[in-house]
Amino acid sequence: MNQQIAGLCTTVENTGSSVEVGATRPGGTDTGPRTGSSDRGRADTEPVADTGSTCATSDSLLDRGCYAVVILRPTLEDVASFAPASLPLIDEPDGVGVVGMPVNFVVAPAVHEQNGELFDLPVTVRFTPASVQFRHGDGTTREAANGGSTWAALGLPQFSATPTSHAYAARGTYTASAVVRYAAAVDFGRGWVPVPGLLEIPTGAMAIEILEVRTALVEKTCTENPTGPGC
């Protein structure tokens, strides 16, 4: 009779910070987990608790059919190969800006799921965008809860300030980029379990030329006088 079902062996509960993939079974074919060739994740063996049962008091737990439960704790390094690809960074206006006026930055991360194997076990890994850090290339950064939206999507005119825009203080050419931070979770078939930490994936970089605009009061427009000042 299965001694776990009979209540003679103590099982290890999943606390939410680890994945229980083993089982407690009597003697016979070993259907327990395999840790495979990877040694990066933690594969801890939890001993059967001393309950005073035949299993706990035996000189050899395996002889009595009590198996320790192996718990896998994947790390970000373990699931990095399942991660989404790098995304492009969009800027408005395209490639140019004006000193003192907002340049709007947009990146579009989405939830990403991928199936595969981890520790020789079938697994589904999910990555959910947690935040985006915009790096403007002038030494400043901006943290946003999401990747922002275009002016058109927001119903705003050009050079409007947005939650992901930035106004450059001086003319020049700047290299802008962003970093998307993802929260990871794994499912070995027994429900989703979070992986500690956030995985950072940088976007592509882009050069932005910031121009200085000067105005002058003139008698006629450039249409009326194409050779006038500033035309």
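This structure is a prediction, so every number in the text was calculated from the model and none was measured.

**Focus: the overall build of the protein chain**
Helix and strand counts for the protein chain come out as three helices and 13 strands. Burial status across the protein chain gives 36% buried among its 231 residues. Contacts spanning at least 24 positions in sequence make up 70% of the contacts within the protein chain whose residues lie at least 6 apart.

**Re the pairing of strand β8 (residues 121-135)**
Alignment of strand β7 (residues 112-118) against β8, held across seven bridges, turns out to be antiparallel. By the bridge assignment for β8, glutamate 117 is matched with proline 122. Pairing of β8 with strand β11 (residues 172-187) involves eleven bridges; the strand directions are antiparallel. Pairing of phenylalanine 134 across the sheet is with alanine 178, part of β11.

**Here's the deal with the packing of aromatic side chains**
For the structure on display, the rule yields four aromatic pairs. Ring centres 6.1 Å apart and planes at 50° place the aromatic pair tryptophan 151 and phenylalanine 159 in the tilted group. The ring centre of tryptophan 192 lies 4.0 Å from the NZ or CZ of arginine 126, which sits over that ring.

**Things to note about the sheet that holds strand β6 (residues 102-106)**
Pairing is antiparallel in the open sheet, where three strands are placed in the order β4-β6-β10. A single partner strand is all that each edge strand has here, and the edge strands are β4 (90-92) and β10 (165-167). Between one strand and the next, the sheet's axes are offset by a mean angle of 25°, whatever the strand orientation.

**What about the pairing of strand β12 (residues 192-202)?**
Examined bridge by bridge, β11 and β12 share nine bridges and lie antiparallel to one another. Along β12, the bridge assignment pairs aspartate 187 with tryptophan 192.

**Section: the confidence of the model for the protein chain**
For the protein chain, per-residue confidence averages 77 on the pLDDT scale, and residues scoring 70 or more make up 66% of the total. Between residues 1-40, whose pLDDT stays under 50, and residues either more than four places distant or in other chains, the model counts 85 contacts. Low pLDDT, under 50, characterises residues 42-54; the stretch is placed with 33 contacts to residues that sit more than four places away or in other chains.

**Topic: the pattern of salt bridges**
Tallied over the full model, the rule gives three salt bridges. Ionic pairing is found between glutamate 113 and arginine 126, a salt bridge with its closest N-O pair at 2.7 Å. Of this pair, glutamate 113 sits in strand β7 while arginine 126 is found in strand β8, placing the two residues 13 residues apart along the sequence. Residue glutamate 113 is classed as partly exposed on the basis of its relative accessible area, which comes to 43%.

**Comments concerning unusual backbone geometry**
Residues glutamate 92 and proline 93 are joined by a peptide bond in cis, for which omega reads -10°. Tracing the backbone through its elements, the reader meets proline 93 in the loop between β4 and β5 (96-98). At phenylalanine 119, a position not held by glycine, the phi torsion is positive, near 55°. Within the secondary structure, phenylalanine 119 is located in the loop between β7 and β8. Classification of phenylalanine 119 as buried rests on a relative accessible area of 6%. Here the phi dihedral of phenylalanine 159 falls at roughly 65°; this positive angle occurs in a residue that is not glycine.

**Here we look at the environment of tyrosine 182**
Note that tyrosine 182 resides in strand β11. Exposure remark for tyrosine 182: the relative accessible area of 2% places this residue in the buried category. Through-space distance from the C-alpha of tyrosine 182 to that of glutamate 200 is 6.4 Å; in sequence the pair is 18 residues apart. Among residues more than four places away in sequence, those in contact with tyrosine 182 are Pro84, Leu87, Pro109, Ala110, Phe127, Thr128, Pro129, Ala130, Gly197, Leu198, Leu199 and Ile201.

What counts and how
Residues numbered from 1 in each chain as written. Predicted model: local features only at pLDDT ≥ 70, side-chain atom pairs only at ≥ 80, totals over all residues. Heavy atoms only, no water. Helix = DSSP H or I, 4+ residues; strand = E, 2+ residues; numbered from the N terminus. Buried < 20%, exposed > 50% of the residue type's maximum accessible area, 1.4 Å probe, protein only. Contact = heavy atoms within 4.5 Å. Pairing = 2+ DSSP bridges. Phe/Tyr/Trp six-rings, centres within 6.5 Å; stacked < 30°, edge-to-face > 60°. Lys NZ or Arg CZ within 6 Å of the ring centre and 35° of its normal. Axes fitted to C-alpha atoms, helices over the stretch in contact; angles between N-to-C directions. pLDDT = per-residue confidence, 0-100. Salt bridge = Lys/Arg side-chain N within 4 Å of Asp/Glu carboxyl O.

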